Amino acid sequence: MSSCTQHMVIDILRKNSNKTVSVSKRHAKQLHAHVVKIKGISHEDNILVLSLYSNLNLLHYSTNLFNSLPSPPPPLAWSSLIKCYTSHSLLHLSFSSFNSMRSLSVPPNRHVFPSLIKASTLLKHAKLAYSLHASTVRLGLDSDLYIANALINMYAKFRSFSVNANAGNVFDDLSLRGKSEIHSVRKVFDMMRVRDVVSWNTVIAGYAQNGMFFESLDMVREMGKNGNLKPDSFTLSSILPIFAEHVDVCRGKEIHGYAVRNGFDGDVFIGSSLIDMYAKCNRLENSLCAFYLLPRKDAISWNSIIAGCVQNGEFDRGLGFFRRMLKENVRPMPISFSSVIPACAHLTALNLGKQLHGCIVRIGFDDNEFIASSLVDMYAKCGNIKMARSVFDRMEKRDMVAWTAIIMGCAMHGHALDAVSLFENMLEDGVRPCYVAFMAVLTACSHAGLVDESWRYFNSMERDFGIVPGLEHYAAVADLLGRAGRLEEAYDFISNMGVQPTGSVWSTLLAACRAHKNVELAEKVVDRLLLIDPENMGAYVLMSNIYSASRRWKDAARLRIQMRKKGLKKTPACSWIEVGKEVHTFMAGDKSHPCYDKINKALIVLLEQMEKEGYVLDTNEVLHDVDEEHKRELLHNHSERLAIAFGIISTTAGTTIRVIKNIRVCTDCHTAIKFIAKIVGREIVVRDNSRFHHFKNGSCSCGDYW
DNA sequence: GTAGGGTTAG
């Protein structure tokens, strides 16, 4: 009897809601067997079993049972089948089934629409979705609780699609449509006679995901007042990202407290939202607590803590969590890689980055845009611009981030013309440049002295793209003017820029004054600089260097005394190199390395050969008023030379040497490294605080302009 | 039959 079957179905579904899925699955099959055994083939009962299979997401059992039904199957059978297809993301099958259903003249009932609306949402197929909405209106079903909930979700999602599409491409009509869609969310919601917690949560999440934070939080209040419903774990995980974005840790903590009081703090969704919220509020310790207190961790919990560490500059920690994730057999997701690779980029850990790249290729994630962009950036930052370019060239779809990464990469490596032509290619591709993309192309211009191009891009920013130039853009142009020797022009440009200049903008001009030996303007600049940033030690050092270079020792000494009085100390110069699996660090004049004697001997031998080749020491770099011999020793012990010499004696012949320095390479070392590269027949890559220098065969990729 | 969390460039 089918009423007996119905009771058993209900019993199984109840057990299923207790998360004992495997038990229910077994029960379902037992029930099916029971039905077959006792009653032979009863289609009425089979339809109930089918709805049970469909609820348990058992695709094959559902389709097999469905195919055994006589034609035409009743509406309940169709809606079960379609639901099953949709929840397995077989969206085209959902629609082809719907079409078959209609061609057999089976009337669609209310149960079939939610799955179809969901399928059209997942397909991002707006036309289909709108026609489904129209059908429900014609059938008078559009205020049905489940259908309306699905419609609200659909309109909220379409709004975010168009918002996101708008960020990368030029489709102005989409933003208008986006507005009407968020309006439709509210219209459907307002029209409903009965709303449940899902209705409220869907609207709240929809507003939150579309950046309508005020409206979202307002709905949470309304939910309690007019809806008489308490926020649940869905509500909380929707609104936590709002406080993450606003860096509002106080209100984030309030939500955390509410979650604890109501027993939601063990929920994995809440957990990862909390980890993320605390990390974005720079409270990594709280993120770690939230992570460790989670009773069950899923892949997303791991992703959140990895991204949290990396975003807070805890690169080694982020890498550590990534390793532990693998060790605990949690399958990494594409996001896991795009979160952890920037850690390699920041640590300049090329070998580690390569290993991760290998892993990515093996898993088959190498076509993921996010991962590819992070790899482009990582290779560029680790000094391997060729690999960066090859990863970029292999990308099928390139979004603005990918373009920006490669343009910035080329800029850092002094390939300014490549950077500029890539920027033009990006525009031809219809990708709209953003704030960062302009930073990249302007940086490229400034590294190569392309004054005219720089002006052209700078002027087009606001005029053609509506991007108001920020400090970084002004700084790049000012830097370029200064280094091109147009010092007065640069001074006027900085004095009249649209934003308040920072000390560092003036510092670049000060450096230019030094390069072009203009002491008078330097004095004017340093006054302006110290007015804004009186503690800027770089300014004192530079000005002192400028005085020294023009042999005004007394003025130089006066500044150094002022520095000492203020307690300002120069940033100690430091270089490091990765040999084998270890990173070796050298300070200027550092004799502490276990191989120091060997390094020193190598440097002496090199110096002899360099001098034979025509190297002349440039002592202008040394700011102290000391005798020539002492100057020679000071230069000889610059940290990059120690690191390079160590690299030469501890790696096999022909290996590229990659050294990183925390401040700019000095002119003398720059000349010296050109000689060294030629003598030892190796490529030497040096990254200073702003760019890469590739030394090869006696010359440098920067063309001595840096 | 409907709703939720985490990514990349400076």
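Residues numbered from 1 in each chain as written. Chains lettered and ligands numbered in written order. Predicted model: local features only at pLDDT ≥ 70, side-chain atom pairs only at ≥ 80, totals over all residues. Heavy atoms only, no water.

**Structural notes on the pairing of strand β4 (residues 684-687)**
Phase 1: On β4, burial covers both faces: Ile684 and Val686 on one face and Val685 and Arg687 on the other are all buried.
Phase 2: Note that strand β3 (residues 657-661) and β4 share four bridges and pair parallel. Pairing of Val659 across the sheet is with Val686, part of β4.
Phase 3: Assessed by its sense of winding, the connection that carries the chain from β3 through helix α36 (residues 667-680) to β4 is right-handed.
Phase 4: Alignment of β4 against strand β5 (residues 692-696), held across four bridges, turns out to be antiparallel. Across the sheet, residue Val686 finds its bridge partner in β5, namely His693.
Phase 5: Counting the residues in the hairpin turn of β4 and β5 gives four residues. (Buried < 20%, exposed > 50% of the residue type's maximum accessible area, 1.4 Å probe, protein only. Helix = DSSP H or I, 4+ residues; strand = E, 2+ residues; numbered from the N terminus. Pairing = 2+ DSSP bridges. Right-handed = clockwise from strand over helix to strand, strands pointing away.)

**Observations regarding the pattern of salt bridges**
Phase 1: By the definition in use, this model includes 19 salt bridges.
Phase 2: The partner of Arg558 in a salt bridge is Asp555, and the shortest N-O contact between them spans 3.4 Å. Of the two residues, Arg558 and Asp555 both sit in helix α32 (residues 553-566), three residues apart, roughly one turn of that helix. (Salt bridge = Lys/Arg side-chain N within 4 Å of Asp/Glu carboxyl O.)

**Quick notes on helix α29 (residues 503-515)**
Phase 1: If you check α29, its first and last C-alpha atoms are 18 Å apart, about what 13 residues at 1.5 Å a residue would give, namely 18 Å.
Phase 2: Those residues of α29 that sit buried are Gly503, Val505, Trp506, Ser507, Leu509, Leu510, Ala512 and Cys513.
Phase 3: Where α29 is buried, its residues meet α27 (471-483), α28 (487-495), α30 (519-532) and α31 (537-549).
Phase 4: At the C-terminal side of α29, Lys517 shows a positive phi close to 50°. (Expected span 1.5 Å × (residues − 1). Contact = heavy atoms within 4.5 Å.)

**Observations regarding the side chain of Ser120**
Phase 1: Position of Ser120 among the secondary structure elements: in helix α7 (residues 112-122).
Phase 2: With a relative accessible area of 0%, Ser120 lands in the buried category.
Phase 3: The residues contacting Ser120, other than those within four sequence positions of it, are Phe95, His125, Leu128, Ala129, Leu132 and Phe158.

**Description of the domain arrangement of chain A**
Phase 1: Along its sequence, chain A is carved into domain 1 (470-570) and domain 2 (574-700).
Phase 2: For domain 1 and domain 2, the distance between their C-alpha centres works out to 27 Å. (Domains from an automatic or database assignment.)

**Topic: the sheet that holds strand β2 (residues 582-587)**
Phase 1: Ordered in space as β2-β1-β3-β4-β5-β6, the six strands form an open sheet in which the pairing is mixed. In the strand order of this sheet, the two ends are held by β2 and β6 (699-700), each with one partner.

**Some details on unusual backbone geometry**
Trans peptide bonds make up most of the peptide bonds, and negative phi angles are found at most residues other than glycine.
Phase 1: Looking along the chain, the bond that leaves Ser71 and enters Pro72 is cis, with omega of -10°.
Phase 2: Note on placement: Pro72 falls in the loop between α4 (59-68) and α5 (75-87).
Phase 3: One non-glycine residue, Asn282, lies in positive phi territory at about 60°.
Phase 4: Overall, the relative accessible area of 58% leaves Asn282 in the exposed class.
Phase 5: The backbone of Arg551 sits at a positive phi, close to 60°, despite the residue not being glycine.
Phase 6: Within the secondary structure, Arg551 is located in the loop between α31 and α32.
Phase 7: The class for Arg551 is exposed, based on a relative accessible area of 57%.

**Here we look at the protein's contact with DNA strand B**
Phase 1: The environment of DNA strand B is formed by 48 residues, the closest being Asn55, Asn149, Asn303, Phe370 and Lys381.
Phase 2: A share of 42% is what sugar and phosphate atoms reach among the atoms of DNA strand B within 4 Å of the protein.
Phase 3: Between DNA strand B and the protein, one listed contact pairs a base oxygen with a side-chain N or O atom of Asn149 at 2.4 Å.
Phase 4: Examining the composition of the surface near DNA strand B, we find that six residues originate from one element, helix α15 (residues 268-280), more than from any other. (Near = heavy atom within 4 Å. Polar contact = N/O pair within 3.5 Å; in protein donor to acceptor, adjacent residues only side chain to side chain.)

**Considerations on helix α20 (residues 350-363)**
Phase 1: In this model α20 runs 20 Å from its N-terminal to its C-terminal C-alpha over 14 residues, within 8% of the 20 Å that 1.5 Å per residue would give.
Phase 2: Residues Leu350, Gly353, Leu356, His357, Cys359 and Ile360 constitute the buried set of α20.
Phase 3: Taken together, the buried residues of α20 touch α18 (315-327), α19 (334-347), α21 (369-381), α22 (385-394), β1 (574-579) and β3.
Phase 4: Positive backbone phi, approximately 95°, marks Gly364, located one or two places after α20.

**Considering the nonpolar core**
Phase 1: Phe337, Ile341, Ile407, Leu509, Leu510 and Met543 are the most contacted members of the largest nonpolar core, which has 186 residues in total.
Phase 2: Membership of the second largest hydrophobic core comes to 32 residues, among which are Leu603, Ala643, Ile648 and Ile684. (Core = buried A, V, L, I, M, F, W, Y, C linked by side-chain atoms within 4.5 Å.)

**Comments concerning the packing of α28 against α29**
Angle between the axes and distance between the axes are the two parameters that describe a pair of packed helices.
Phase 1: Between α28 and α29, the least distance of the axes is 11 Å, while the angle of their chain directions is 170°. One finds that α28 runs roughly antiparallel with respect to α29. Contacts between α28 and α29 pair Leu487, Ala490, Tyr491, Ile494 and Ser495 from the former with Val505, Trp506, Leu509, Ala512 and Cys513 from the latter.
Phase 2: Grouping the amino acids of the contact of α28 with α29 by side-chain chemistry returns nine nonpolar, one polar and no charged. (Axes fitted to C-alpha atoms, helices over the stretch in contact; angles between N-to-C directions. Parallel < 35°, antiparallel > 145°, perpendicular 65-115°, else oblique. Nonpolar A, V, L, I, M, F, W, Y, C, P; charged D, E, K, R; others polar.)

**Observations concerning the packing of aromatic side chains**
Phase 1: Counting across every chain of the model gives 25 aromatic pairs.
Phase 2: Pairing Tyr474 with Phe493 gives two aromatic rings, centres 5.7 Å apart and planes at 45°, and the pair type is tilted. Separated by 19 residues along the polypeptide, Tyr474 in helix α27 and Phe493 in helix α28 bring together distant segments of the chain.
Phase 3: Given the relative accessible area of 11%, Tyr474 is considered buried.
Phase 4: Judged by relative accessible area, Phe493 falls into the buried class, the value being 14%.
Phase 5: Chaining the aromatic ring pairs together yields one cluster made of Phe291, Tyr292, Trp302 and Phe321.
Phase 6: Across the ring face of Phe392, the terminal group of Arg398 is positioned such that the distance to the ring centre comes to 4.7 Å.
Phase 7: Of note, Arg398 hangs over the ring of Trp403, and the distance from its end group to the ring centre comes to 6.0 Å. (Phe/Tyr/Trp six-rings, centres within 6.5 Å; stacked < 30°, edge-to-face > 60°. Lys NZ or Arg CZ within 6 Å of the ring centre and 35° of its normal.)

**Let's talk about the side chain of Ser54**
Phase 1: With respect to the helices and strands, the residue Ser54 is situated in helix α3 (residues 43-55).
Phase 2: Apart from the residues within four sequence positions on either side, Ser54 is in contact with Ser62, Ser80, Lys83 and Cys84.

**Re the environment of Phe98**
Phase 1: Within the element layout of this structure, Phe98 appears in helix α6 (residues 91-103).
Phase 2: With residues up to four places along the chain from it excluded, the contact list for Phe98 reads Ile82, Pro108, Val112, Leu116 and Leu132.

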